[in-house]
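One letter stands for each residue in the lines below.
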Amino acid sequence: MRPCHIVAAALLVLAPAAQAQGVSTDPSLAPAGDYRADKAHTRVIWQVSHLGTSLYTGWFKTFDIALSFDPNAPEKSALTATVDPASVFTLDPAFDAKIAGPDFLDAAKYPEMRFASTSATRTGEASGTITGDLTFHGVTRPVTFDVVFHGGTMSPLKNVYVLGFRATAVIKRSEFGVDAYLDLGLGDEVTVTIEGEFNQKAS
C-alpha cells in the first residue's frame with residue numbers, strides 16, 4: 001500500500017471517532033487548567049480600511065497565547081498574548097518591511113506587542129468579553145475583546161483537549177501613536193481578530 005493510501009485509511013478510521021466525540025459549547029464540560037495556542041491552527045489577524053474601498057488584511061506569524069481556563073467560572077479565566085510586530089505578513093515582503101518600519105509598528109524600537117487580561121464577563125451560553133491592557137508601540141491602553149466560544153473536544157489526532165475561540169476588538173491606532181497616512185485615507189480603526197485553537201498543557 002502506498003504511503004498516501006495508508007494516511008487516507010488512517011484518517012477514515014479516525015474520522016468516525018472524532019465525529020462520535022463531538023464538540024461541546026458548554027464550557028463546564030471542558031477540563032480546567034492551562035492551555036496554549038496551537039500555532040498551526042491559530043491566526044492573529046488585523047484589518048484596516050484602505051481608501052474606504054476595502055479592508056486591507058494582514059496577520060502576524062510569530063506569537064504566543066496562554067490561557068488559564070476555569071470551566072465552572074469562565075469569567076475567572078485569564079489570558080496573555082505576545083506578538084512579534086516584525087513578523088507582520090501581507091503576502092508582499094516589501095510592504096511587510098514598510099509596516100514593520102518606523103512609520104507604523106516600528107518593530108526595531110518596540111519589539112513586542114502584549115495583551116494581559118484584567119477581567120472577563122460572560123454574556124451568553126457561549127460568548128463573553130475579555131478586557132485587558134494592550135501594550136502596542138510603547139503605549140498601554142485598556143482594550144475589550146468580544147469572545148465567541150466555538151467549543152471544546154478531545155482531539156483524536158493529538159490526544160489532548162482542545163478549546164476553540166474567536167476574539168475580536170477594534171482599536172484606534174492613533175491612540176497608540178501610529179497616525180501615518182490618516183490624511184491619505186488609511187483608516188484609524190483597526191480590527192484585531194484572534195481565531196484560535198488552544199491545546200491543554202500536560203499537568
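Reading the values: rules and limits
- Residues numbered from 1 in each chain as written.
- Predicted model: local features only at pLDDT ≥ 70, side-chain atom pairs only at ≥ 80, totals over all residues.
- Heavy atoms only, no water.
- Pairing = 2+ DSSP bridges.
- Helix = DSSP H or I, 4+ residues; strand = E, 2+ residues; numbered from the N terminus.
- Buried < 20%, exposed > 50% of the residue type's maximum accessible area, 1.4 Å probe, protein only.
- Arc of directions from axis to C-beta.
- Contact = heavy atoms within 4.5 Å.
- Core = buried A, V, L, I, M, F, W, Y, C linked by side-chain atoms within 4.5 Å.

In terms of strand pairing, strand β4 (residues 63-69) meets strand β5 (residues 78-83) through 6 bridges, oriented antiparallel. Looking at the pairing, D64 lines up with T82 of β5. Pairing between β5 and strand β7 (residues 113-124): 4 bridges, direction antiparallel. Bridge assignment links T80 to a residue of β7, and that residue is A116.

Looking at helix α2 (residues 93-100), one finds that the buried residues are D96, I99 and A100. Buried residues along α2 cover an arc of 95° about the axis, so they all sit on one side. Exposed and oriented more than 90 degrees from the buried face of α2 are A94 and A97. Summarising the contacts, the buried residues of α2 are in contact with β2 (43-50) and β6 (88-89).

Ranked by internal contacts, the top residues of the largest apolar core, which has 43 residues, are F60, I65, L67, F136, F145, L163 and F165. When sequence neighbours within four positions are dropped, the list of residues in contact with F60 reads V44, W46, V83, D84, P85, S87, V88, L105 and M113.

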